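Chains, contacts and geometry: an overview
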Amino acid sequence: MTSIKKLILDYLRRPGYEPMRPRQLAKRIGLKKKERARFDDSIETLVNRGRVKRTEDGRLIATSKDGDTAGLIPGILRRTMNGAWFIPDPPPAASTETDETAAPPAQPLEDVFIYSEHLGDAHTGDRVFIRLSSRRHAGGRRTGRVEQVIERATRTFVGTYFEEWNQGRVRIDGGVFADPVSVGDPGAKGAVPGDKVVVDMIRFPSHSQSGEAVLTKILGARGEPGVDLLAIIHEFGLPDEFPEEVLAEAHDQAAAFDEADLGDRLDLTGETIVTIDPIDARDFDDAISLQKIEKGHWLLGVHIADVAHFVREGSKLDDEAKKRGTSVYLPGRVIPMLPETISNALASLQQGKVRFTKTVFIEFTPQGVPVRTEFHRSAIKVTRRFAYEEVLPVIQRPEEFRGKVSDEVRQLLHDMHELAMTLRRRRFEHGALELYLPEVKVELDKDGRVSGAKEVEHDESHQIIEEFMLAANCAIATEIRERNITFLRRVHGSPDPVKLQTFAHFVESLGLTLSNHSSRFELQELLNQVKGQSFEQAVNFSLLRSMKQAEYSPSNDGHYALAVDNYCHFTSPIRRYPDLTVHRIIDQIIAGKKHAGLDGMATLRLATHCSLTERRAAQAERDLTRVKLLSFIAGRLDEVFDAVITGVVKAGIYCRCSQYPVDGFIHVSALSDREYLDFDRTTMTITGRTTGFQYRMGEKLQVRVATIDPDERALNWELVKGPQQKSRRRAERKSTDRRESDKTASGRRNRSANGSRRKASSKKKSTRRKRKP
């Protein structure tokens, strides 16, 4: 290994090294200008050999190596109240390179628990190296300690400013850090106590030292309208405004669009085509046509907005869309992946307007078996736009809509319903799973504050579109797979058998039967069985926790919940970047390119990025919804709420308010001050030793607010009325005691009739023995 390579690796492995860009690294190791070419070559060689890795923003980090990092395992941290879970990186592909710096291949590993005192200054989402220890966590899980932070998830945080000991300090939102961080002299940037501010972390707090940050922006006074939204946008690093060059490119595409110039597109503008979307939707990216053809077969047309026509690969628009990864749907605000010129206009499939699309035609037998697939670059003109709420009345009472909805459209909706329900039955016959997790939509007033909440109904109008989108995604993935093309799949791995076993124990504690927990058919039968019962949500949430997260991957890992081998996202290119990549592959196939698809390593990197941006968007939506709901409930401190237990841990129980979808915690010490409580990990229950009252998922309670802090996203309930359910084991013991008591009383009567003092004395001894615990 050349001396420059050694200088690079030695510096990257220094304790406390913070990832930096090549130009900065060259300065740090003292290279002269004439050595820059060799330096750049050395960096490329080390990256290609896997010894050095570039982060997404171009910074350099060293990977594991024999010697300094022998035995270290890279992965991601997810902090909890008393430590963190470490999710190891998947093992890298085997390399054919031979080099003195080469490291042995990493071995697959289960998640590892890291206790707080062994975290150092690592934070949630950081990529770190850990070293395993011999200590075991609950359930026999391995534990370890963080040895090095490879890459920070973020250095930007949001919090509330205050002053203490003549110092400016910030309490970071979300309970991220236990203690406030210092931001230097009071009044930086004009901040006053109570302001929501953005800070960049200079020194991360750890078990042994306090944190230090610099205040970079003031968002406004805590509690002012819109400040909570800005706080979440900055906290999650959500890209808000589009750069000027991106907007300019979008406007250029709008100016160049000519709906009359269809080129070689299949002209479907005369077909009967409908869209069905939420009533407040603005970006319509899917439309449906359906015909009955020979032999009683169906020809389903799924028409998807041709975003790839406007967003060319490598363009400014493409770079920005890739960076964002997905649109973010926050309460009261949408942060789109693409400028609205495209997302809400050019690409949106608006009623009565010619729009360019990618069309997939799928032929089905009357039984719903797909027998043929073809795809086209096309143009359509939507005949009628429907909101979900408008569809079922037309299907169920078509005569009432004569004159309001055309005969062709009424027949189309009827046929769509018939085919969709056939496809749905067939999916479940083949082992698909569907969890019943109600979606609750928060209603906001003009200031962005919660005014109410309602459950979104998922009726057959939603199922129609859902079935057709699933069918299109499966058909496209199968067609691409048959051509041996690398593409971004949507995969869902099989669940951990240990977690499923735990789930089985839990449902058995409810008196339910699950004889084969590895069978999707039995799992779905169980979900159907509990529908409408008090513990329906508890069973569904518990099963969800037993499942792995779906993600993007180039690997053919199948989709467990859908029970299919090939699946991808194709139907929402306006709001998801993976769909856009699939559209480009379709373009390549239609054009007859022999080497269509993506590079293997590039696809892996893109899959990881898109999975992360998807999860970031979902977490931002959850967090802002929670902040708004907590602020709403904070004004109802004396109100008593109905609640359902959604989680049971040794420390206490989690309860979800029935009126509003927000969870809070009740510590075990607040459940009872009259008896000891026992926690059963297998059945996930807490049981009173004396009363037998049992706290388990699904039980109904009444609660009121004990403590609440929207900034910390923390809510602790006070128990007003507990469950009336007694544990089965306790009830059986009391039943046995009653039977023994009856026998003893009978014996007493006999002994009393005999009038024997000796027997009476024996009777007293018997009574004393019975009173023994």
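Residues numbered from 1 in each chain as written. Predicted model: local features only at pLDDT ≥ 70, side-chain atom pairs only at ≥ 80, totals over all residues. Heavy atoms only, no water.

Let's talk about the nonpolar core
Ranked by size, the top nonpolar core spans 47 residues in total, and within it F503, F506, V539, I653 and W717 carry the most contacts. Mapped by element, the contributors of at least two residues to this core are α12 (497-509), α13 (520-530), α14 (536-546), α16 (600-633), β26 (641-649), β27 (652-657), β32 (700-709) and β33 (714-721). When residues in this core are grouped by element, the largest group, five residues, is from α12. Ignoring sequence-local partners within four residues, the contact set of V539 consists of F503, F506, V507, L510, L512, L526, L527 and V530. One finds I362, L392, I480 and I485 within the second-largest nonpolar core, a separate group that totals 46 residues. (Core = buried A, V, L, I, M, F, W, Y, C linked by side-chain atoms within 4.5 Å. Buried < 20%, exposed > 50% of the residue type's maximum accessible area, 1.4 Å probe, protein only. Helix = DSSP H or I, 4+ residues; strand = E, 2+ residues; numbered from the N terminus. Contact = heavy atoms within 4.5 Å.)

Looking at empty space enclosed by the protein
One pass over the full model with this rule turns up one cavity of 30 Å³ or more. The space that makes up the largest cavity amounts to roughly 40 Å³. Lining of the largest cavity is provided by L12, Y17, P19, I61, A62, Q148, V149 and I150. Elements with a minimum of two residues in the lining of the largest cavity: β2 (60-62) and β7 (142-151). Sorting elements by how many residues they give to the lining of the largest cavity places β7 first, with three residues. Each residue belonging to the lining of the largest cavity can be placed in one class, and the counts come to seven nonpolar, one polar and no charged. (1 Å grid on protein atoms, 1.4 Å probe; cavity = no way out; pocket = protein on both sides within 12 Å on 5 of 7 lines; lining within 4 Å. Points joined across faces, edges and corners; volume = space filled by probe spheres on them. Nonpolar A, V, L, I, M, F, W, Y, C, P; charged D, E, K, R; others polar.)

A short note on the environment of S631
As for its placement among the helices and strands, S631 is situated in helix α16. Along the primary structure S631 and V450 are separated by 181 residues, whereas in three dimensions their C-alpha atoms are 8.2 Å apart. In terms of polar contacts, S631 uses its side chain to reach the backbone carbonyl oxygen of V627, at 2.9 Å. (Polar contact = N/O pair within 3.5 Å; in protein donor to acceptor, adjacent residues only side chain to side chain.)

Some points on the pattern of salt bridges
Tallying each qualifying case throughout the model produces 45 salt bridges. With its nearest N and O atoms 2.6 Å apart, the salt bridge here joins K358 to D306. Taken together, the residues span a long stretch of sequence, with K358 in strand β19 (residues 354-364) and D306 in the loop between β16 (298-305) and α6 (307-310) at a distance of 52 residues. One exposure class covers both K358 and D306, and it is buried. Salt-bridge contacts for D318 lead to R584; the nearest nitrogen and oxygen are separated by 2.9 Å. Placement of D318 in helix α7 (residues 316-324) and of R584 in helix α15 (residues 577-590) is noted, with a sequence separation of 266 residues between them. (Salt bridge = Lys/Arg side-chain N within 4 Å of Asp/Glu carboxyl O.)

Worth remembering: the numbers are spatial, not functional.
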